[in-house]
Amino acid sequence: LTPTFYTHSFDMTTEFVSDTLDKFMAVSVPSLTSTPVIGLDGTSYEVGLGSGFSWSCFHWWQKPPSEWQSLGIVFQDTLQELEKAIAVKSQADAV
């Protein structure tokens, strides 16, 4: 079984990018969690952030561990905003 990846291209404002990075930078979560995860089918999510040689990457299946709840909220809010931008772009391309 091969995973499915979706890609989209669209313009973003500098303000959106800056605000989004500020929200992620305000999140403080442990690097490891004790929440066990077991599953066979579902969606994996990953967010990687950094600058230069310093970066972090968080990966989870279906929903983030409870210890990463604040990260999950910022991630979902960002995902919703990006999905709106994709929808707007798709509508504009259809015209």
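Structure: above.
The structure displayed is predicted, hence computed values, not measured ones. (Residues numbered from 1 in each chain as written. Predicted model: local features only at pLDDT ≥ 70, side-chain atom pairs only at ≥ 80, totals over all residues. Heavy atoms only, no water.)

### With respect to the pairing of strand 2 (residues 54-61)
In step 1: In this sheet, strand 2 lies alongside strand 1 (residues 44-51) in antiparallel orientation, the contact comprising 8 bridges. What sits directly across from Ser 44, in strand 2, is Trp 61.
In step 2: Counting the residues in the hairpin turn of strand 1 and strand 2 gives 2 residues, including Gly 52, whose phi is positive at 65°. (Pairing = 2+ DSSP bridges. Helix = DSSP H or I, 4+ residues; strand = E, 2+ residues; numbered from the N terminus.)

### A short note on the packing of aromatic side chains
In step 1: As enumerated under the stated definition, the model contains 5 aromatic pairs in all.
In step 2: Seen from their ring centres, Tyr 45 and Phe 75 are 5.6 Å apart, and the 75° between their planes marks the pair as edge-to-face. Of this pair, Tyr 45 sits in strand 1 while Phe 75 sits in helix 2 (residues 69-94); the two residues are 30 residues apart in sequence, bridging distant segments of the chain.
In step 3: Put simply, the rings of Tyr 45, Phe 58, Trp 60, Trp 68 and Phe 75 pair up and form one aromatic cluster. (Phe/Tyr/Trp six-rings, centres within 6.5 Å; stacked < 30°, edge-to-face > 60°.)

### Observations regarding helix 2
In step 1: Spanning 26 residues, helix 2 covers 37 Å between terminal C-alpha atoms, matching the ideal 38 Å at 1.5 Å per step.
In step 2: Those residues of helix 2 that sit buried are Leu 71, Gly 72, Val 74, Phe 75 and Thr 78.
In step 3: Tucked inside the fold, the buried residues of helix 2 contact helix 1 (14-25), strand 1 and strand 2. (Expected span 1.5 Å × (residues − 1). Buried < 20%, exposed > 50% of the residue type's maximum accessible area, 1.4 Å probe, protein only. Contact = heavy atoms within 4.5 Å.)

### Some remarks on the environment of Gly 72
In step 1: In this fold, Gly 72 is placed in helix 2.
In step 2: Using a relative accessible area of 7% as the deciding quantity, one classes Gly 72 as buried.
In step 3: Distance from Gly 72 to Tyr 45, taken between C-alpha atoms, is 9.7 Å for residues 27 residues apart in sequence.

### As for the pattern of salt bridges
Pairs may arise between side chains of opposite charge once their charged atoms sit close together.
In step 1: In total, this model carries 2 salt bridges according to the counting rule given.
In step 2: Between Lys 84 and Glu 81 there is a salt bridge; the shortest N-O distance is 3.3 Å. Of this pair, Lys 84 and Glu 81 both sit in helix 2, 3 residues apart, which is roughly one turn of the helix.
In step 3: Residue Glu 81 is classed as partly exposed on the basis of its relative accessible area of 38%.
In step 4: Of the charged contacts in the structure, one is a salt bridge between Asp 93 and Lys 89, with a shortest N-O distance of 2.9 Å. With Asp 93 and Lys 89 both in helix 2 and 4 residues apart, this pair spans about one turn of that helix.
In step 5: For Asp 93, a relative accessible area of 52% corresponds to the exposed category. (Salt bridge = Lys/Arg side-chain N within 4 Å of Asp/Glu carboxyl O.)

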